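Chain by chain, the residues:
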Amino acid sequence: MIGALVYEHGSLEPILAENLEEMDGVVLPHLILSDVVRWTVAHVRDEPTTCRGIWEWLGRAYLSGTEPVRNLIWVSDVEMLPDPQDPGGAELRGYLSPELREIDYEYHPSLRP
């Protein structure tokens, strides 16, 4: 999943490369996806189209993914979104697919960790 995401969104290549270097070539999806969230937070205003595309891709991957993929996206992406009042939080939540909104605690407070 990580390879497909980075292949589709080349802006994320440095994140994968840095993680591979730090982890001696081992892909740790949870760490990489947490970095992807931070990247989208940092770039939501200057690269909104790219950020929207990344979150749309994640929504499709969640919808068609296996249980481990769905869990990965929930725990390492959706749960990592900043609160709506924090920088990028409201903008990025606007990019969530209906399926990702269903697992976001802002839309469903009972899911709050």
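Everything that follows concerns the structure shown earlier in this document.
Just so it is clear, the structure is predicted and the values come from calculations on it, not from any experiment.

A. The arrangement of a nonpolar patch on the surface in detail. Together, V26, L28 and L31 give the surface a local cluster of nonpolar side chains, amounting to about 220 Å² of exposed area. Mapped onto the elements, L28 comes out in the loop between α2 (13–22) and α3 (29–43).

B. Region of interest: α3. Look at α3: 21 Å from first C-alpha to last across 15 residues, which is about the 21 Å you get at 1.5 Å a residue. Those residues of α3 that sit buried are I32, L33, S34, V36, V37, W39 and T40. Summarising the contacts, the buried residues of α3 are in contact with α1 (2–8), α2, α4 (48–64), α5 (67–76) and α6 (89–93).

C. Quick peek at the pattern of salt bridges. Counted under the stated rule, the structure contains 3 salt bridges. For D35, the salt bridge identified is with R38, shortest N-O distance 2.5 Å. Of the two residues, D35 and R38 are both situated in helix α3; the distance of 3 residues between them amounts to about one turn of the helix. When its relative accessible area of 46% is taken as the criterion, R38 is described as partly exposed. Note that D104 and R93 form a salt bridge whose closest N and O atoms lie 2.7 Å from each other. On the criterion of sequence distance, the pair formed by D104 in the segment after α7 (98–101) and R93 in helix α6 is long-range, its members being 11 residues apart. Among the residues examined, R93 registers a relative accessible area of 3% and is labelled buried.

Cut-off values and rules
Residues numbered from 1 in each chain as written. Predicted model: local features only at pLDDT ≥ 70, side-chain atom pairs only at ≥ 80, totals over all residues. Heavy atoms only, no water. Patch = residues over 30% accessible without salt bridge, like charges linked within 9 Å, V, L, I, M, F, W, Y side chains within 5 Å. Areas by Shrake-Rupley, 256 points an atom, 1.4 Å probe, with all protein chains shown as cover. Salt bridge = Lys/Arg side-chain N within 4 Å of Asp/Glu carboxyl O. Helix = DSSP H or I, 4+ residues; strand = E, 2+ residues; numbered from the N terminus. Expected span 1.5 Å × (residues − 1). Buried < 20%, exposed > 50% of the residue type's maximum accessible area, 1.4 Å probe, protein only. Contact = heavy atoms within 4.5 Å.

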